[in-house]
Amino acid sequence: MDLRDAHVLITGGSRGIGAALATSFAEAGSWVSLAARSTAALEKVAQPLDASVFTVDLAIPDQTERLIAWVEQEAGPVDVLMNNAGVET
């Protein structure tokens, strides 16, 4: 799959697997949007990748329902969704 110029949205993109995915997609030529709860952590990952940042708590249903529309309004249509966010129990 050619990912050049694809818009990739990564939930849970502020650390760990999400941050690694963001780097990999950016290196493949994708433009990346990151979503997570911590703005500071998102910005740390996003800055070297020139990625867009969306601070959201996906444990709140209303925020989850609005995420795609918000990202597409601010950063353009999403081609790939990497739903990496998780909830610890």
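This one's a predicted model, so the numbers in the text were calculated from it and none came from an experiment.

Caption draft 1: Up close: the pattern of salt bridges. Per the counting criterion, the structure on display carries two salt bridges. Here Arg66 and Asp62 are joined by a salt bridge, their closest N and O atoms 2.4 Å apart. Of this pair, Arg66 and Asp62 both sit in helix α3 (residues 61-75), four residues apart, which is roughly one turn of the helix. Taking the relative accessible area as the measure of exposure, Arg66 reaches 48% and is therefore partly exposed. On the basis of relative accessibility, which here comes to 39%, the residue Asp62 falls in the partly exposed class.

Caption draft 2: View of the environment of Met1. Here Met1 lies in the segment before β1 (7-11). Distance from Met1 to Gln47, taken between C-alpha atoms, is 26 Å for residues 46 residues apart in sequence.

Caption draft 3: Local environment of unusual backbone geometry. In this structure, Asp5 is a non-glycine residue whose phi angle is positive, near 65 degrees. With a phi angle near 55 degrees, Asp50 is a residue other than glycine that sits in the positive phi range. Its location among the elements puts Asp50 in the loop between α2 (39-46) and β3 (52-55).

Caption draft 4: Focus on the nonpolar core. The biggest cluster of nonpolar side chains holds 14 residues, and the ones touching the most others in it are Ile10, Ala22, Phe25, Val32 and Leu34. Elements supplying a minimum of two residues to this core: β1, α1 (16-27), β2 (31-36) and α2. Those residues in contact with Ile10 that lie beyond four places of it in its chain are Gly18, Leu21, Ala22, Phe25, Val32, Ser33, Leu34, Ala35, Met82 and Asn84. Within the second largest apolar cluster, seven residues are counted, among which are Ala35, Val56, Leu67 and Val71.

Criteria and cut-off values
- Residues numbered from 1 in each chain as written.
- Predicted model: local features only at pLDDT ≥ 70, side-chain atom pairs only at ≥ 80, totals over all residues.
- Heavy atoms only, no water.
- Salt bridge = Lys/Arg side-chain N within 4 Å of Asp/Glu carboxyl O.
- Helix = DSSP H or I, 4+ residues; strand = E, 2+ residues; numbered from the N terminus.
- Buried < 20%, exposed > 50% of the residue type's maximum accessible area, 1.4 Å probe, protein only.
- Core = buried A, V, L, I, M, F, W, Y, C linked by side-chain atoms within 4.5 Å.
- Contact = heavy atoms within 4.5 Å.

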